[in-house]
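Geometric and topological summary
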Amino acid sequence: MTRNFRWEQIMEITGIPFNRTDMVVLFILAILFIFGIRVVVSFFKRPEAPEELREENGIYEAGSRVTVTIDGMMCGMCEIHVKDAVRKAQPDAKDVTASHESGKVRFTLTKEEKISDLLSALHETIDPQGYRIIDMTGK
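Now for a description of the structure that goes with this document.

Conventions used here
Residues numbered from 1 in each chain as written. Predicted model: local features only at pLDDT ≥ 70, side-chain atom pairs only at ≥ 80, totals over all residues. Heavy atoms only, no water. Pairing = 2+ DSSP bridges. Helix = DSSP H or I, 4+ residues; strand = E, 2+ residues; numbered from the N terminus. Axes fitted to C-alpha atoms, helices over the stretch in contact; angles between N-to-C directions. Contact = heavy atoms within 4.5 Å. Parallel < 35°, antiparallel > 145°, perpendicular 65-115°, else oblique. Left-handed = near helix turned anticlockwise from the far one by under 90°. Nonpolar A, V, L, I, M, F, W, Y, C, P; charged D, E, K, R; others polar. Polar contact = N/O pair within 3.5 Å; in protein donor to acceptor, adjacent residues only side chain to side chain. Buried < 20%, exposed > 50% of the residue type's maximum accessible area, 1.4 Å probe, protein only.

Spatially, the four strands line up as an open sheet ordered β3-β4-β2-β6, and their pairing is antiparallel. Taken across any chain shown, the strands that pair with only one partner, and hence form the sheet edges, are β3 (94-99) and β6 (132-138). Going across the sheet, the axis of each strand differs from the next one's by a mean of 15°, ignoring polarity. Pairing geometry for strand β2 (residues 65-71) and β6, over six bridges, is antiparallel. From the neighbouring strand, Thr67 faces β6, where its bridge partner is Thr137. Relative to β3, helix α4 (residues 76-89) is tilted by about 150°, and along the sheet it contacts β2, β3 and β4 (104-108). Along the sheet face, helix α5 (residues 115-126) touches β2, β4 and β6 and points at about 150° away from the line of β6.

Not every positive phi belongs to a glycine, and Asp95 is a case in point at roughly 50°. Among the secondary structure elements, Asp95 is positioned in strand β3.

Turning our eyes to something else, we now look at the packing of α4 against α5. Taken N-terminus to C-terminus, the directions of α4 and α5 make an angle of 135°; their axes are 8 Å apart at the nearest point. The angle between α4 and α5 falls in the class oblique. As α4 packs across α5, the resulting crossing turns out to be right-handed. In contact with Ala85, Val86, Lys88 and Ala89 of α4, α5 contributes Ala121, Leu122, Thr125 and Ile126. Taken together, the residues of the contact of α4 with α5 break down into six nonpolar, one polar and one charged.

Bringing the side chain of Thr125 into the picture now. Locating Thr125 in the fold gives a position in helix α5. A distance of 3.0 Å separates a polar side-chain atom of Thr125 from the backbone oxygen of Ala85. Look past the residues within four positions of Thr125 in its chain and what remains in contact with it is Ala85, Lys88 and Ala89.

Checked against the element boundaries, Ile134 lands in strand β6. Classification of Ile134 by relative accessible area gives partly exposed; the value is 33%. Linking Ile134 and Val68, residues 66 residues apart in sequence, is a C-alpha distance of 7.6 Å.

Read these as geometric descriptors, not functional statements.
If you want it as structure tokens, here you go:
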């Protein structure tokens, strides 16, 4: 013998009066709660650079203008944070500029630098702040 599920049975069991609209609202709240947990967990996940950037060989010469594309810059404060991180990673860097609109940071090297060492230093200072390096080029 199968019993049909009825809202009245839930009300009898719990002692809390509710109707179908209440159930819909509770269902939507449960979905939002699960989505919120996912967002919080992804916030604490450490960003990683794309594979092709991790194994970069070569050297940027003194006077090279380096452009780093960064994901996550949203405002003027983000620009300041990223510029400070670049200055911390490369204390000799000159003309450090950042734009959240283009998502790029540009600076000039004053001495010869291995690409892998530069990228590693930038990751150490930029990644902990919640930004992600997408690309790096130099001229």
